[in-house]
Structures are given as C-alpha cells and as structure tokens.
Amino acid sequence: MRNTLFSLAGISVLIGMLIFSCQPKVGIETAQYAVNGQKLYVTHCQSCHGPKGEGLGMLYPPLTDTTYLKENRKILPGIVKNGMNGPIKINEKNYEGNMPGNPELTNVDIAYILTYITTTFGNSTETYTQEEVKNNLVNCR
Amino acid sequence: MKLKLTTYLSAFAFSSIFVACTETNEKKLPIIGERATEERIVDGRTVVDTIYHQIPAFAFLNQDSVEITEKYFDNKVYVANFFFTHCPSICPTMQRNLLKVYEKYKDDERIAFLSHSIDFKYDSPSVLKSYAEKLGVTNEQWQFVTGEKKEIYGIADKYLVYTKEDQDAPGGYDHQSYLVLIDQQKRIRGAYDGTNDEQVAQLFNDLETLLKE
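Residues numbered from 1 in each chain as written. Chains lettered and ligands numbered in written order. Predicted model: local features only at pLDDT ≥ 70, side-chain atom pairs only at ≥ 80, totals over all residues. Heavy atoms only, no water.

Time to look at the packing of aromatic side chains. Taken as a whole, this structure holds 18 aromatic pairs over all chains when the rule is applied. Each ring, one from A:Tyr116 and one from A:Phe121, has its centre 5.5 Å from the other, and the planes form 70°; the classification is edge-to-face. Of the two residues, A:Tyr116 and A:Phe121, both sit in the buried class. On the basis of an interplanar angle of 75° and a centroid distance of 5.9 Å, the ring pair of B:Tyr102 and B:Phe113 is categorised as edge-to-face. Note that B:Tyr102 is positioned in helix 2 (residues 91-104) and B:Phe113 in strand 6 (residues 111-117), a separation of 11 residues in sequence. Judged on exposure class, the residue B:Tyr102 and its partner B:Phe113 are both buried. Through a chain of ring-to-ring contacts, the aromatic side chains of B:Phe83, B:Tyr102, B:Phe113, B:Tyr131, B:Trp142 and B:Phe144 assemble into a single cluster. When the ring centre of B:Tyr52 is taken as origin, the NZ or CZ atom of B:Arg187, which lies over that ring, is 5.4 Å away. (Phe/Tyr/Trp six-rings, centres within 6.5 Å; stacked < 30°, edge-to-face > 60°. Buried < 20%, exposed > 50% of the residue type's maximum accessible area, 1.4 Å probe, protein only. Helix = DSSP H or I, 4+ residues; strand = E, 2+ residues; numbered from the N terminus. Lys NZ or Arg CZ within 6 Å of the ring centre and 35° of its normal.)

On average, residues of chain A score 90 in pLDDT, and 84% of them are at 70 or above. Mean pLDDT across the elements of chain A ranges from a minimum in helix 1 (residues 2-21) of chain A, with 65, to a maximum in helix 6 (residues 107-120) of chain A, with 98. (pLDDT = per-residue confidence, 0-100.)

So, on to the confidence of the model for chain B. Residue and element names in this part refer to chain B. Taken residue by residue, chain B gives an average pLDDT of 90. The fraction at 70 or more is 88%. Considering only residues more than four positions removed or in separate chains, one finds that residues 17-24, a stretch of pLDDT under 50, has zero contacts. Both scores are available for the predicted complex, with the pTM at 0.85 and the ipTM at 0.81. (Contact = heavy atoms within 4.5 Å.)

A few words now on the nonpolar core. The biggest cluster of nonpolar side chains holds 59 residues, and the ones touching the most others in it are B:Phe58, B:Tyr78, B:Leu135, B:Trp142, B:Phe144, B:Tyr159 and B:Leu181. Leaving out residues up to four positions away in the same chain, B:Tyr159 has contacts with B:Ile55, B:Phe58, B:Tyr78, B:Ala80, B:Phe82, B:Leu114, B:His116, B:Val180, B:Ile182 and B:Ile188. A:Tyr68, A:Tyr95, A:Tyr112 and A:Val133 belong to the second largest nonpolar core, which has 26 residues in total. (Core = buried A, V, L, I, M, F, W, Y, C linked by side-chain atoms within 4.5 Å.)

Our next topic: the interface of chain A and chain B. With 15 residues of chain A in contact, the opposing surface of chain B contributes 12 residues. Each partner contributes to the roughly 920 Å² buried at the junction of chain A and chain B, and carbon and sulfur atoms together form 57% of this total. Linking chain A to chain B there are one salt bridge. B:Arg96 is the partner of A:Glu54 in a salt bridge, and the nearest nitrogen-oxygen pair spans 3.9 Å. (Buried area = accessible area lost by both parts, 1.4 Å probe. Salt bridge = Lys/Arg side-chain N within 4 Å of Asp/Glu carboxyl O.)

With that settled, consider the environment of A:Leu56. Counting through the fold element by element, A:Leu56 comes out in the loop between helix 3 (46-49) and helix 4 (66-71). Every residue in contact with A:Leu56, bar those within four places of it in the chain, is listed here: A:Cys48, B:Pro92, B:Arg96, B:Leu99, B:Lys134 and B:Leu135.

Between its first and last C-alpha atoms helix 2 (residues 28-44) of chain A spans 24 Å; for 17 residues at 1.5 Å apiece the expected length is 24 Å, and the two agree. Restricting attention to buried positions, one finds in helix 2 of chain A the residues A:Thr30, A:Ala31, A:Tyr33, A:Ala34, A:Val35, A:Gly37, A:Leu40 and A:Tyr41. (Expected span 1.5 Å × (residues − 1).)

A separate point is the sheet that holds strand 10 (residues 178-182) of chain B. Residue and element names in this part refer to chain B. Taken together, the five strands give an open sheet; going across it, the order is 7-6-5-10-11, and neighbouring strands pair in mixed fashion. Looking at which strands have only one partner, the edges of the open sheet turn out to be strand 7 (142-145) and strand 11 (188-193). Here the strands of the sheet are splayed against their neighbours by 20° on average, with no regard to which way each runs. Judged from the three bridges that link them, strand 5 (residues 77-83) and strand 10 form a sheet pairing that is antiparallel. For tyrosine 78, the partnering residue across the bridge sits in strand 10 and is isoleucine 182. Each of strand 5, strand 6, strand 10 and strand 11 touches helix 5 (residues 197-212); the most contacted strand, strand 11, lies at about 160° to it. (Pairing = 2+ DSSP bridges. Axes fitted to C-alpha atoms, helices over the stretch in contact; angles between N-to-C directions.)

Residues annotated in UniProt with the feature "binding site: Cu cation" (unreviewed entry) correspond here to B:Cys87, B:Cys91 and B:His175. The greatest C-alpha distance among the residues just named is 10.4 Å, despite their covering 89 residues of sequence, which places them together in space. Summarising the element assignment, B:Cys87 is placed in the loop between strand 5 and helix 2. Residue class for B:Cys87 comes out buried when judged on its relative accessible area of 2%. Ignoring any residue separated from it by four or fewer positions in sequence, one finds B:Cys87 in contact with A:Tyr60, B:Pro92 and B:His175. For B:Cys91, the position within the fold is in helix 2. Aside from chain neighbours lying at most four places away, what touches B:Cys91 is B:Phe83, B:Phe84 and B:His175. (UniProt positions renumbered as here; feature names shortened; annotations may be inferred.)

Shown next as structure tokens:
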C-alpha cells in the first residue's frame with residue numbers, strides 16, 4: 001500500500017515535471033518548484049489574481065507584467081508574506097488596493113509560489129530559491 | 001443551517017425526476033423553497049392554489065446612496081448574491097464569474113443583478129461605488145446594496161443563503177457563494193456556486209431557459 005502511494009506520488013511528480021519541462025530552458029528543479037507553486041497559488045492567490053494571473057478589473061492587478069516582476073524580484077517575498085497597499089502601476093495601469101499578507105506561508109512555500117508566478121506569468125526561467133526568499137525577507141523589514 | 005439550500009436542492013432534484021416523467025419536453029426550472037396551499041371559493045367550488053416561496057419586500061441603499069426596493073426588480077429576472085468588498089477568500093472568484101454573466105447581458109433590460117454586502121460596518125455606499133467601478137460595472141443594471149445588519153441577514157435567509165458574522169472566518173464574515181436566480185414573480189428558480197465553473201455554466205443555460213418561459 002505504502003509503496004503504491006509512493007510510486008503514485010513519484011509518477012505524478014514526474015508527469016508534472018514533464019509537462020513543465022516541455023517549456024524551453026526551464027530546469028528540472030524549477031519545474032518541480034512551479035508544480036508545487038501552482039497548488040499553493042490556487043489556494044492562496046487565485047481568487048483575486050485569477051486562474052491565468054489576469055487579475056480582476058481594476059480591483060486586483062494582473063501578475064503578467066514581466067518588467068514589474070523582474071524589477072521588483074527582491075520585494076516579491078515581502079509582498080506575499082506581509083501584503084501590500086498603496087498605488088502601483090501594472091501593465092501601464094494605475095492600481096490602488098489592499099492585499100492581505102500570508103504570514104502562515106513558510107519560506108519554501110513562498111519559493112514555490114514565486115517560481116510558479118515568475119516562470120508561468122513572467123518570463124523568468126530560474127528557480128526562486130529558498131535562500132533568495134530568506135535573504136529578501138530580511139531586507140524587506 | 002449550512003445544509004439548508006443543499007437540502008432544498010436535493011429535494012427538488014428528487015421531485016423533478018417525477019415531474020420529468022409526466023411533463024412534456026418543454027424544459028422548466030424548478031421552483032425552490034417551501035410551499036403552502038390556499039383554498040378559495042370560485043363559483044361555489046373550492047379551488048386550491050399553491051403559494052410559492054417569494055422574496056419579500058425590501059429597501060436598501062445602493063452604491064449611489066439611493067434607496068432600492070423590490071420594485072426595481074419587478075418583471076425582471078435577477079441574480080442575487082452576498083459578498084463584502086474586502087473579502088479575501090471566495091468573493092473575488094464569485095464576482096469574477098458574475099461579471100461574465102453581467103457582460104453577456106449588459107443593457108438587456110429583462111435582467112438585473114443584486115449584490116448585498118454583509119459587511120454593514122465598512123461597506124458604505126461610497127465604498128460600494130468605488131468597488132463597482134473598479135470591478136467594471138458601468139450601469140445601473142447591477143446594484144450593490146447595504147443596509148441594517150438585521151435587514152441584510154434577514155433577506156439572506158429568504159434567498160436561502162447562509163451568512164454570519166464570524167471572527168474566525170477569513171475577513172470576519174462567513175457566507176455561502178451562491179448566485180441565486182430569481183424569476184419575474186420573485187420566486188427562487190436556481191442557486192449556483194459562484195466559485196464552481198460547471199455550476200456557473202449551468203447558470204448561463206438556466207438563465208436562457210427562464211427567459212423563454
């Protein structure tokens with residue numbers, strides 16, 4: 001029974017990695033992070049930011065502004081953990097809202113989510129590592 | 001309490017099996033809620049009328065601080081729901097889906113939309129106004145209303161939707177994400193989980209069926 005469970009889990013991770021690795025230039029670790037990140041995204045972020053990161057009207061900004069994601073890579077963990085408010089410009093539009101923080105998420109959870117977002121909605125091809133999350137969270141205080 | 005609507009729905013699912021056997025092909029939506037019978041004397045004979053559950057009269061303030069009553073929805077089909085503007089969990093998805101219905105029927109005067117805020121403390125008309133604009137609602141077809149706590153929670157019961165102030169729930173309020181379909185006679189004809197894509201697709205279909213009745 002246990003073995004079956006393990007191999008089932010193994011197979012699904014493999015399939016997931018296969019799907020993601022079909023995209024060019026994304027390494028296996030990155031793909032694995034993105035698969036885990038997608039699940040967390042659905043639970044914690046999708047209601048506001050949408051299944052495709054499209055946002056909702058002018059209420060919730062999209063997560064598809066590749067330049068924003070790249071230029072603000074360092075503050076992303078702080079946004080996820082502590083939330084965000086005040087005016088921002090995304091895809092040439094001005095948003096001003098209030099995003100609640102997610103203090104319950106661990107560094108590895110945040111690394112998964114940010115890898116998913118930056119590689120799926122953004123154009124990054126790299127893992128957002130746990131170390132990056134840890135270091136940037138310290139700086140953002 | 002939470003099971004209320006589900007119980008009604010399954011009861012109707014059952015009864016509609018029997019109805020389906022007797023009725024002809026013409027598809028009709030069920031009429032949901034408790035029903036009573038009333039006897040009348042017509043020409044010396046007793047006739048029995050069925051009294052269906054109806055949404056009673058109400059008066060709320062809308063996003064323009066104008067009083068909106070049930071009269072606004074007279075002879076219209078409408079979709080009602082319960083939400084609050086800073087709800088972090090189910091509301092954005094529910095409103096994203098209702099927005100799709102609104103966009104499809106925009107400027108169609110047979111249909112209206114009614115979102116009740118259950119956050120009577122924070123969601124003043126001006127907060128609702130800014131929310132509606134940011135969501136992308138540009139006409140009066142979709143009303144966003146607020147009112148006294150007792151009135152809002154009382155009307156939720158009439159729509160058979162569970163709502164409650166609850167400190168442990170995300171954002172401070174617990175509620176169901178039903179989109180409730182109301183007919184021209186203010187009877188409930190369907191309820192769809194606004195966070196479930198299949199049920200939202202069903203709402204699109206049922207709305208057409210209801211408009212053809």
